[in-house]
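Working through the structure, step by step
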Amino acid sequence: FYLKLGLCISRASASVLNLNCSLVLLPMCRSLLTFVRGTHTVSSRETRRLLDKSKTFHVACGVAICIFSVVHVSAHLVNVVNFSVSYSDDFPALNLARFRGEVRHKCLHILPGVTGVLLVLILFLMFTSSSYCVRLSNYEIFWYTHNLFIVFYIILMVHMVGGALKYQTNLEVHPPGCLRANQSSTEQQGKELEQGEDEERRCREEAHFQPHYPQTWLWVSGPLCLYCAERFYRYIRSCDPVTIVTVIRHPCDVIELRMLKKNFKARPGQYIVLNCPGVSSFENHPFTLTTCPTENKKTFGIHLRVVGDWTERFTQLLVPEPRIDLEILPMVQQRRYPKLYVDGPFGSPSEEVFNYSVSVCVAGGIGVTPFACVLHALLDGWTGFRLQRLYFVWVCREIQSFYWFAELLCAVHHKLWQENRPDYFNLKLYVSQADILQGMSEDKYRPLTSRLLVGRPKWKLLFDEIGKTNKHKRVGVFCCGPKGISRTLHRLCNSARSSGTTFEFNKESFS
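Residues numbered from 1 in each chain as written. Predicted model: local features only at pLDDT ≥ 70, side-chain atom pairs only at ≥ 80, totals over all residues. Heavy atoms only, no water.

1. Concerning the overall build of the protein chain
In terms of regular secondary structure, the protein chain is built from 18 helices and 14 strands. Summing over all exposed atoms, the protein chain offers an accessible surface of approximately 28200 Å²; the carbon and sulfur share of this is 58%. (Helix = DSSP H or I, 4+ residues; strand = E, 2+ residues; numbered from the N terminus. Areas by Shrake-Rupley, 256 points an atom, 1.4 Å probe, with all protein chains shown as cover.)

This is the structure:
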């Protein structure tokens, strides 16, 4: 019984593992997801919101692979003992042990055993390096160990070739329970049978066994080919380096980068992936677009905060320290930008801002970047969207952070006032550190100083106010910032409201 149970568990867990190994690749097909959400066939907002959960689905599949790998390995370890204890003199081909009572760890010396150990080791490295603390402290460890998935899938393909588990091929002539030539019905049944029945139950030939046909490739070949095709398409698309037009240093260690690329098209809310060989040839980092190319302006830009090794080295290449011994030359001759490759654009939840009649954009610090492109779209006069009112809430620790997009906010404010639409854009700025508060004294920033508040937002009161103003409407809530703000907003969106207003939570998350 335990032998059959162990075999069933190992086979069932293997099927579940193959399924999750095939599904875990689909959320990583970023170009495919961007194409699907941009087509007219995906017209449902709920369907597009499911596509935004691709990272969560990827993590869930990864956790399922780890759990069922433990089950699969445990079942095989039990099977090794059971195969040795249940030594069969009648079917020697099925035995792992050389004699009865020997616990022979044959699985460690054959191909399935060696590949199994390697798969467990790679999976352990990928799982531990995917933790939040490792990604935060050293992103390179996460990136390089996660690329071991290539080796993982190659080993997975050959894992079943060794044929540790076998099945009988001649059940018609050797059914289970039949009597062999040297076995009588008395030995089998413990009672007498008639001679005719005894002859009918005799085996016509010996049992033959062969290993199970490898089926892993049937599960993973489709998604793996799809992923490889997308990677090849992304490589072709990003093989030409972009032209860096402008580099601007902003307060609080923020760099603005303006670039130019042929035939580059993007929508507000999308993001790109940067690769700088001068820093690392294998590392790719996502950044949200803060400006999109238009008919009159072909450049696009990002804002990045200098946090971590990669951004520090990248900033040193963009804005090198001035050398005293260098002769004074024109700026055009002095400035030499590093070679930079751009992959994308890719879709994100922020694209849905224009698909709600009322949207609430909440940003924390540098998390304002997804919504800066939305403001640029309003300033450039984009048309054809449903948005009728936009609430913009920006929380920063230092007041200098608001200078990143102060001119943009003022320009949008003046434009809407000139168009007699003052209620279209509702702006609230919060600075949390009051001890270093210094007012924005410039006259051109006067629209911002009147909307600048000290302290943290009272989210419940803010949502109640929005709900009363927009009764019986569906409001889209978009957040890009610290986890504390995201959890609070998510909880408030799920709570019922007496005004009948429905809040739908959308969180910015890079895959």
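2. Description of helix H5 (residues 111-129)
Its 19 residues give H5 an end-to-end C-alpha distance of 27 Å, which sits within 8% of 27 Å, the value for a rise of 1.5 Å per residue. Considered for burial, the residues of H5 that qualify are Pro112, Gly113, Thr115, Gly116, Leu119, Ile122, Leu123, Met126 and Ser129. (Expected span 1.5 Å × (residues − 1). Buried < 20%, exposed > 50% of the residue type's maximum accessible area, 1.4 Å probe, protein only.)

3. Here we look at the pairing of strand E11 (residues 425-431)
In terms of residue burial, E11 counts as a mostly covered element, since 5 of its 7 residues are buried. In the sheet, strand E10 (residues 389-396) pairs with E11 via 7 bridges, with the strands oriented parallel. Paired with Cys396 across the strands is Val431, a residue of E11. For the crossover from E10 across helix H15 (residues 406-418) to E11, the handedness is right-handed. Inspection of the sheet shows E11 paired to strand E12 (residues 452-454) by 3 bridges, in the parallel sense. Within E12, the residue paired with Leu429 across the bridge is Leu452. (Pairing = 2+ DSSP bridges. Right-handed = clockwise from strand over helix to strand, strands pointing away.)

4. Description of the sheet that holds strand E8 (residues 341-346)
Here 6 strands make up an open sheet; going across it, the order is E3-E4-E7-E6-E5-E8 and the pairing antiparallel. Two strands bound the open sheet, and with one partner strand each, they are strand E3 (243-250) and E8. Averaged over all pairs of adjacent strands, the angle between their axes in this sheet comes to 35°, without regard to strand direction. In terms of strand pairing, strand E6 (residues 285-291) meets strand E7 (residues 300-305) through 2 bridges, oriented antiparallel. Directly across from Thr291, in E7, lies its bridge partner Gly301. Lying over the sheet, helix H14 (residues 369-379) contacts E6 and E7, oriented at roughly 25° with respect to E6. (Axes fitted to C-alpha atoms, helices over the stretch in contact; angles between N-to-C directions. Contact = heavy atoms within 4.5 Å.)

5. Concerning the pairing of E3
One face of the sheet, then the other: side chains in a regular strand alternate in exactly this way. With 7 bridges joining them, E3 and strand E4 (residues 254-260) adopt antiparallel strand pairing. Among the inter-strand pairings, Thr246 is bridged to a residue of E4, identified as Arg258. Connecting E3 to the next strand, E4, in antiparallel fashion are 3 residues, including Cys252 with a positive phi near 65°.

6. Brief notes about the environment of Val374
Within the fold, Val374 resides in helix H14. With 106 residues separating them in the primary sequence, Val374 and Pro268 have C-alpha atoms 5.5 Å apart. Aside from chain neighbours lying at most four places away, what touches Val374 is Pro268, Val353 and Phe354.

7. Concerning unusual backbone geometry
Following Gly344, the chain continues into Pro345 via a peptide bond in cis, with omega recorded as 10°. Structurally, Pro345 can be placed in strand E8. Although it is not a glycine, Asn420 sits at a positive phi angle of roughly 60°. You can call Asn420 exposed: its relative accessible area is 65%.

8. Focus: a nonpolar patch on the surface
Judged by side-chain polarity, Ile9, Val59, Val63, Ile67, Val71 and Phe127 come together as a nonpolar surface patch covering roughly 480 Å² of accessible area. The dominant element in the nonpolar patch, judged by the number of residues it contributes, is helix H4 (residues 54-85), at 4 residues. Residue position: Val59 is located in helix H4. The class for Val59 is partly exposed, based on a relative accessible area of 45%. (Patch = residues over 30% accessible without salt bridge, like charges linked within 9 Å, V, L, I, M, F, W, Y side chains within 5 Å. Salt bridge = Lys/Arg side-chain N within 4 Å of Asp/Glu carboxyl O.)

9. Digging into a positive patch on the surface
Residues Lys55, Lys483, Arg487 and Lys507 make up a contiguous surface patch of positive charge. Among the structural elements, Lys483 can be located in helix H18 (residues 483-494). By relative accessible area, which is 47% here, Lys483 ends up partly exposed. (Lys, Arg positive; Asp, Glu negative; His and termini not counted. Charge placed at Lys NZ, Arg CZ, Asp CG, Glu CD.)

10. A word on the pattern of salt bridges
Inspection of every chain in the model, using the stated rule, returns 10 salt bridges. Between Glu256 and Arg258 there is a salt bridge, with its nearest N and O atoms 3.0 Å apart. By relative accessible area, Glu256 is classed as buried at 7%. Taking the relative accessible area as the measure of exposure, Arg258 reaches 21% and is therefore partly exposed. Residues Glu351 and Arg267 are paired through a salt bridge, measuring 2.8 Å at the closest nitrogen-oxygen approach.

11. Here we look at the environment of Thr315
Relative to the elements of secondary structure, Thr315 occurs in helix H12 (residues 309-318). Judged by its relative accessible area of 6%, Thr315 is buried. In the structure, Thr315 is positioned 11 residues away from Leu304 in sequence and 9.4 Å away in space, judged by C-alpha atoms. Excluding anything up to four places from it in sequence, Thr315 contacts Arg249, Ile255, Leu304, Val306 and Pro320.

12. Topic: the sheet that holds strand E14 (residues 502-507)
The parallel open sheet is built from 6 strands, whose spatial order is E12-E11-E10-E9-E13-E14. Here the strands that pair on one side only, and so sit at the sheet edges, are E12 and E14. Neighbour to neighbour, the strand axes of the sheet diverge by 20° on average, direction disregarded. Relative to E14, strand E13 (residues 474-480) is paired through 6 bridges, and the arrangement is parallel. Within E14, the residue paired with Cys479 across the bridge is Lys507. Lying over the sheet, H15 contacts E10 and E11, oriented at roughly 150° with respect to E11. Helix H17 (residues 459-469) contacts strand E9 (358-364), E10, E11, E13 and E14 of the sheet and is inclined by roughly 170° relative to E10.

13. Quick look at H14
In terms of burial, H14 is largely enclosed, as 10 of its 11 residues are buried. Directly after H14, the chain includes Gly381, whose backbone phi takes a positive value near 80°.

14. Here we look at the side chain of Ser238
Mapped onto the fold, Ser238 is located in the loop between helix H11 (216-237) and E3. Within the structure, Ser238 has its side chain in polar contact with the backbone oxygen of Arg234 (distance 2.7 Å). Aside from chain neighbours lying at most four places away, what touches Ser238 is Lys261, Tyr341, Val342 and Asp343. (Polar contact = N/O pair within 3.5 Å; in protein donor to acceptor, adjacent residues only side chain to side chain.)

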